[in-house]
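Here is how the chains run, residue by residue.
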Amino acid sequence: MAKFAEMRVIIGDKDKDEEDVVAERADRAEELRILEALLFAAEAPLDEKDMAKRLPASADVRALLEQLQKEYEPRGVNLVRVGGKWTMRTASDLAWLLTNESVVSRKLSRAAIETLAIVAYHQPVTRAEVEEIRGVSTSKGTLDVLLETGWVRLRGRRKAPGRPVTYGTNDVFLAHFGLDALTDLPGLDELKGAGLVDGSLSGDFSVPVPSDDPALREDEEPLEPDDLDLGLAPAAEHREE
Amino acid sequence: MAKFAEMRVIIGDKDKDEEDVVAERADRAEELRILEALLFAAEAPLDEKDMAKRLPASADVRALLEQLQKEYEPRGVNLVRVGGKWTMRTASDLAWLLTNESVVSRKLSRAAIETLAIVAYHQPVTRAEVEEIRGVSTSKGTLDVLLETGWVRLRGRRKAPGRPVTYGTNDVFLAHFGLDALTDLPGLDELKGAGLVDGSLSGDFSVPVPSDDPALREDEEPLEPDDLDLGLAPAAEHREE
Amino acid sequence: MNAEMTDVEFESVAERASDEPALVVDVEGFEGPLDLLLTLARQQKVDLTKISILALADQYLSFIEAARKMRLEIAADYLVMAAWLAYLKSRLLLPEQHAPEGGASAEDMANALAGRLRRLEAIRQAAEQLMGRPQLGRDVFARGLPEPIEEIKKPEWTATLYDLLSAYATRRQTKARSFVRLPTRNVWSLAEARETLERMVGQSFDWSPLDQYLIKYLVEPAMIPTVLASTFAAVLELVREGHMEANQQGSFAPLYLRRKQPTGGGDPLPSGPPAAAGNA
């Protein structure tokens, strides 16, 4: 909106003030159409930079997206932000209309759900840490199932005896649960209260905890090239201690 | 319709903006939201019967769809009917958004470079003349590639049996090769000096003084209006003899 | 051991597996000893911060005891926890001064256990909330028919001036060299020379220098030797056959030719009478 006002001031000098304003409104409408088309056509969430490439350099992409988000808010399809990107999604109150039975059949086990939550809220986390929180040994299969969903990834290795693999979530996880960022995870405050999320691993309170920042932490080191294969091969024995 | 268009035009008026959204939310029939979500999420175009099943029995599906179609008409995504079914599609005037042009640097083939050089030195020249100078037959494709580079143009037609097209170079050619004028192309002595031509070559070997004067020569006549299309269509058979 | 508590516990286990007969201890229904402890703790119906670890340890131990009596297989994890809880219980019941040197106090151990239970409960609640969110492909949906972006690779042609010139020069030279070879075959044969001489000189009764007839063929310097040689040989032949007369005034002087006079007479040479016919 600020930019809009500014432009008006600049063109205020001209006699053709009115005409220009009308033209600008038309431009803006066209920019919204372009964003609309891009967002509807996209197979995956789009980031603002990619969208900006298709718009005039002067366009304020963020403001336009917010405008579009508002326009779609009452509709059956909404514009939402997931993992810092933008995407169109059916309105969540219409779930009853569209609920897909076949997907429900791919239900996760209780162990897998708990493990997913621990990875999400406590990442980067090793299998031993997951086991410590759950108080039970976690089968390799459980982590494999989560890797297969595409929500959990191998991050690196902890700089500790045995160099255990660290796990974290990724953008697919955020998109699946409609989260813009990890800080939007529900119940994060309660977990902080329960001492689950304490930042003691990083020792640096400026780092949001949990963090899915792809950059490795100080206590992590990169995976070797063949770790990724191992991590996904269900049969492979893959010890962490 | 113009509910949406209207909303956009008043963007500048911040006071009215929010009120309008609230009013619209109230107005908006739940049926339209349902149709919107169904059409958006559908993996194939939907027929009216399928949509009617998800709506209250009293709903006039056709009328609702037509209303939705009108609402989306000015937008970047339209509601269209294909084969008697309904689906959402990117507005046809925005089809360009769905293509991503990337520039790939490609080297000209040996045959194309030779042909280009002959066109440059001997213009205006016909394909038959190029073949005579090269001593090998030159495919239509080679000349098409040269036309695609934007360096070679169709000049006219030779006043001779078969009225073959004459080719020449243009300003883009000069710019690409860093030439101020076509006469900057080196002559025989310079080619010899550069070691490109064997100094002991017999005396009848000569290099013409090139000219890209756009004026047609006496033995040329203008192209017909549709020659330019033909010249660029790779598939078109376009004989010179 | 408190029999009443054990009963309560058994009831709750029966509830978990309502289709099973009562008094069945179902260890497999739990996600490990902490899960079992948490389930037992919930039965105290108090805030986990105020939980009685001692009571909890009792419940856990009696549960395991009951399971063992029924000869159920119990995973090692549960037995390790049972041993640890039995130890903790004994420590909690003993006066604190008996604590081992440097070790954690029984109270610390109890608090740590309570903390772990709180943490597990918190993560479970979080998991529940997370799974309760609208999920993509279950509750909310992306575009069913996305329109993929078509990649168009636009070629940007490159060539340097050097490429251009070297290609041109190479091609032109290759072509030119193939012509250069032609003159070597282009020998002025004796037959050709004779035919030409007969045609040209044959009509003239006047003396004419040989060179004049050759001019037409001398345009190309490379041809001079072959034309000269063949023509001279042809002249000698024609003279011998009596068709032609030749005259040369001296060595390297121009050679004059004329058709043989039928009468033997004719004009003398412009510069004097011929000295010796056929002199080369």
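Residues numbered from 1 in each chain as written. Chains lettered and ligands numbered in written order. Predicted model: local features only at pLDDT ≥ 70, side-chain atom pairs only at ≥ 80, totals over all residues. Heavy atoms only, no water.

The next subject is the overall build of chain A. Regarding its fold elements, chain A presents twelve helices and six strands. Burial status across chain A gives 50% buried among its 241 residues. Counting contacts in chain A only where the partners sit at least 6 residues apart, residues at least 24 apart contribute 57% of the total. When the accessible surface of chain A is totalled, it reaches about 11300 Å², and 54% of it is carbon and sulfur. (Helix = DSSP H or I, 4+ residues; strand = E, 2+ residues; numbered from the N terminus. Buried < 20%, exposed > 50% of the residue type's maximum accessible area, 1.4 Å probe, protein only. Contact = heavy atoms within 4.5 Å. Areas by Shrake-Rupley, 256 points an atom, 1.4 Å probe, with all protein chains shown as cover.)

Right, let's talk about the overall build of chain C for a bit. Helix and strand counts for chain C come out as ten helices and four strands. Written out in order from the N terminus, the α and β elements of chain C read α-α-α-α-α-β-α-α-α-β-α-α-β-β. Of all 280 residues assigned to chain C, the portion counted as buried reaches 40%. Counted over contacts in chain C with a minimum sequence separation of 6, partners at least 24 positions apart contribute 59%. As displayed, chain C offers around 16100 Å² of accessible surface, 55% of which is attributable to carbon and sulfur atoms.

This brings us to the interface of chain C and chain B. Across the boundary between the two partners, chain C contributes 36 residues, which contact 55 residues of chain B. Carbon and sulfur atoms supply 62% of the area that chain C and chain B bury against each other, a total of about 4300 Å² over both sides. Across the chain C-chain B interface, the total number found is one salt bridge. As a salt-bridge pair, glutamate 114 of chain B and arginine 171 of chain C come within 2.7 Å of each other at their nearest N and O atoms. Viewed at the interface, chain B and chain C are joined by 21 residue pairs in polar contact (both at pLDDT 80 or more). Mapped onto the side of chain C that touches chain B, the elements with two or more residues apiece are strand 1 (150-158) and helix 6 (161-180) of chain C. The biggest single contributor to the side of chain C that touches chain B is helix 6 of chain C, with 17 residues. Per-class residue counts for the side of chain C that touches chain B are 18 nonpolar, six polar and twelve charged. (Buried area = accessible area lost by both parts, 1.4 Å probe. Salt bridge = Lys/Arg side-chain N within 4 Å of Asp/Glu carboxyl O. Polar contact = N/O pair within 3.5 Å; in protein donor to acceptor, adjacent residues only side chain to side chain. Nonpolar A, V, L, I, M, F, W, Y, C, P; charged D, E, K, R; others polar.)

Let us look at the side chain of glutamate 220 of chain B. Residues and elements named next belong to chain B. Residue position: glutamate 220 is located in strand 7 (residues 220-221). Note on glutamate 220: relative accessible area 3%, which makes it buried. Separated by 2.8 Å, the side chains of glutamate 220 and arginine 155 make a polar contact. Within polar-contact distance, the side chain of glutamate 220 engages the backbone nitrogen of arginine 217 at 2.9 Å. In contact with glutamate 220, not counting residues within four places along its chain, are Pro124, Arg155, Gly156, Arg157, Arg158, Lys159 and Thr166.

With that out of the way, let us pick up the pattern of salt bridges. Tallied over the full model, the rule gives 49 salt bridges over all chains. A salt bridge links arginine 81 of chain A to aspartate 180 of chain A, with the shortest nitrogen-to-oxygen separation between them at 2.8 Å. Of this pair, arginine 81 of chain A sits in strand 1 (residues 77-82) while aspartate 180 of chain A sits in the loop between helix 10 (171-176) and helix 11 (188-193), and the two are 99 residues apart along the sequence. Judged by its relative accessible area of 25%, arginine 81 of chain A falls in the partly exposed class. Since its relative accessible area comes to 21%, aspartate 180 of chain A is described here as partly exposed. Residues joined by salt bridges that share partners form a network here, namely Arg110, Glu114 and Arg134 of chain A together with Glu31, Asp35 and Arg124 of chain C.

All names here are of chain A. Per-residue confidence for chain A averages 80 on the pLDDT scale, and 76% of its residues sit at or above 70. Every residue in residues 1-14 scores below 50 in pLDDT, and together they form 16 contacts with partners more than four places removed in sequence or on other chains. Counting contacts from residues 231-241, a segment whose pLDDT is below 50, to residues more than four positions away or on other chains yields 21 contacts. (pLDDT = per-residue confidence, 0-100.)

For interface size, the figure often reported is the accessible area lost on association. At the interface, 46 residues of chain A touch 35 residues of chain C. The contact between chain A and chain C buries some 3400 Å² in all, and 61% of this surface belongs to carbon and sulfur atoms. Three residues stand out in chain A for area buried against chain C, namely Arg110, His176 and Phe177 of chain A, and they jointly supply 16% of the buried area on that side. Applying the counting rule to chain A against chain C returns four salt bridges. For arginine 124 of chain C, the salt bridge identified is with glutamate 114 of chain A, shortest N-O distance 2.6 Å. Counting every contact that joins chain A to chain C gives twelve residue pairs in polar contact (both at pLDDT 80 or more). Looking at the side of chain A that touches chain C, the elements with two or more residues in it are helix 2 (17-41), strand 2 (85-90), helix 5 (95-98), helix 6 (101-104), helix 7 (110-122), helix 8 (127-134), helix 10 and helix 11 of chain A. No other element matches the eight residues that helix 7 of chain A contributes to the side of chain A that touches chain C. Class assignment of the residues belonging to the side of chain A that touches chain C gives a composition of 28 nonpolar, ten polar and eight charged.

Attention now goes to the packing of helix 2 (residues 33-42) of chain C against helix 4 (residues 76-93) of chain C. All names here are of chain C. Look at helix 2 against helix 4: their axes get within 9 Å of each other, and the N-to-C directions meet at 60°. If you check the angle between helix 2 and helix 4, you find them oblique. Packed against helix 2, whose contacting residues are Pro33, Leu34, Leu36 and Leu37, the element helix 4 presents Asp77, Tyr78, Met81 and Leu85 at the interface. Grouping the constituent residues of the contact of helix 2 with helix 4 by class yields seven nonpolar, no polar and one charged. (Axes fitted to C-alpha atoms, helices over the stretch in contact; angles between N-to-C directions. Parallel < 35°, antiparallel > 145°, perpendicular 65-115°, else oblique.)

Taken in spatial order, the four strands line up as 4-6-5-7 (chain B) in an open sheet, and their pairing is antiparallel. Among the strands making up the open sheet, the edge pair consists of strand 4 (125-126) and strand 7 of chain B. (Pairing = 2+ DSSP bridges.)

Quick look at the packing of helix 7 of chain A against helix 9 (residues 140-149) of chain A now. Geometrically, a packed helix pair is captured by the angle between its two axes and the distance between the axes. Residues and elements named next belong to chain A. Relative to each other, helix 7 and helix 9 sit at 70°, their axes nearing to 9 Å. For the element pair helix 7 / helix 9, the angle class is roughly perpendicular. For the pair helix 7 and helix 9, the crossing hand works out as right-handed. Across the interface between the two elements, Ala111, Ala112, Thr115 and Leu116 from helix 7 touch Thr142, Leu143 and Leu146 from helix 9. Among the residues forming the contact of helix 7 with helix 9, the class breakdown is five nonpolar, two polar and no charged. (Left-handed = near helix turned anticlockwise from the far one by under 90°.)

On to the nonpolar core. Ranked by size, the top nonpolar core spans 63 residues in total, and within it Leu116, Tyr121, Tyr167, Phe173 and Leu185 of chain A together with Leu37 and Tyr60 of chain C carry the most contacts. Sort the elements by how many residues they give to this core and helix 5 (residues 106-132) of chain C lands first, with twelve residues. The residues touching tyrosine 60 of chain C, leaving out its near neighbours within four places in the chain, are Pro33, Leu36, Leu37, Leu40, Tyr78, Met81, Ala82 and Leu85 of chain C. In terms of nonpolar packing, the next biggest core, distinct from the first, is built from 51 residues, Leu68 of chain A together with Ala42, Tyr72 and Trp86 of chain B among them. (Core = buried A, V, L, I, M, F, W, Y, C linked by side-chain atoms within 4.5 Å.)

This paragraph deals with the pairing of strand 4 (residues 255-259) of chain C. Residues and elements named next belong to chain C. Taken across its five residues, strand 4 has four buried, putting it largely inside the fold. Sheet analysis places strand 2 (residues 208-209) next to strand 4, joined by two bridges and oriented antiparallel. Bridge pairing in strand 4 places proline 209 opposite tyrosine 256. For strand 3 (residues 244-248) and strand 4, the ladder comprises five bridges, and the chain directions are antiparallel. The residue bridging alanine 246 from the neighbouring strand is leucine 257, located in strand 4.

All names here are of chain A. On the basis of which strands lie adjacent, the open sheet formed by four strands has the order 3-5-4-6 and antiparallel pairing. Whereas interior strands pair on both sides, the edge strands pair on one side only; in this sheet they are strand 3 (125-126) and strand 6 (220-221). Sheet analysis places strand 3 next to strand 5 (residues 165-169), joined by two bridges and oriented antiparallel. Each residue of the ladder has a partner; that of valine 125, found in strand 5, is tyrosine 167.

Looking at where leucine 108 of chain B falls in the secondary structure, it is placed in the loop between strand 3 (99-107) and helix 6 (110-122). On the accessibility criterion, leucine 108 of chain B (7% relative accessible area) is buried. In this structure, the C-alpha to C-alpha distance between leucine 108 of chain B and valine 145 of chain B, residues 37 residues apart in sequence, is 8.4 Å. Ignoring anything within four residues of it in the chain, the contact list for leucine 108 of chain B reads Ile113, Leu116, Val145, Leu146, Thr149 and Trp151 of chain B together with Trp157, Thr158 and Ala159 of chain C.

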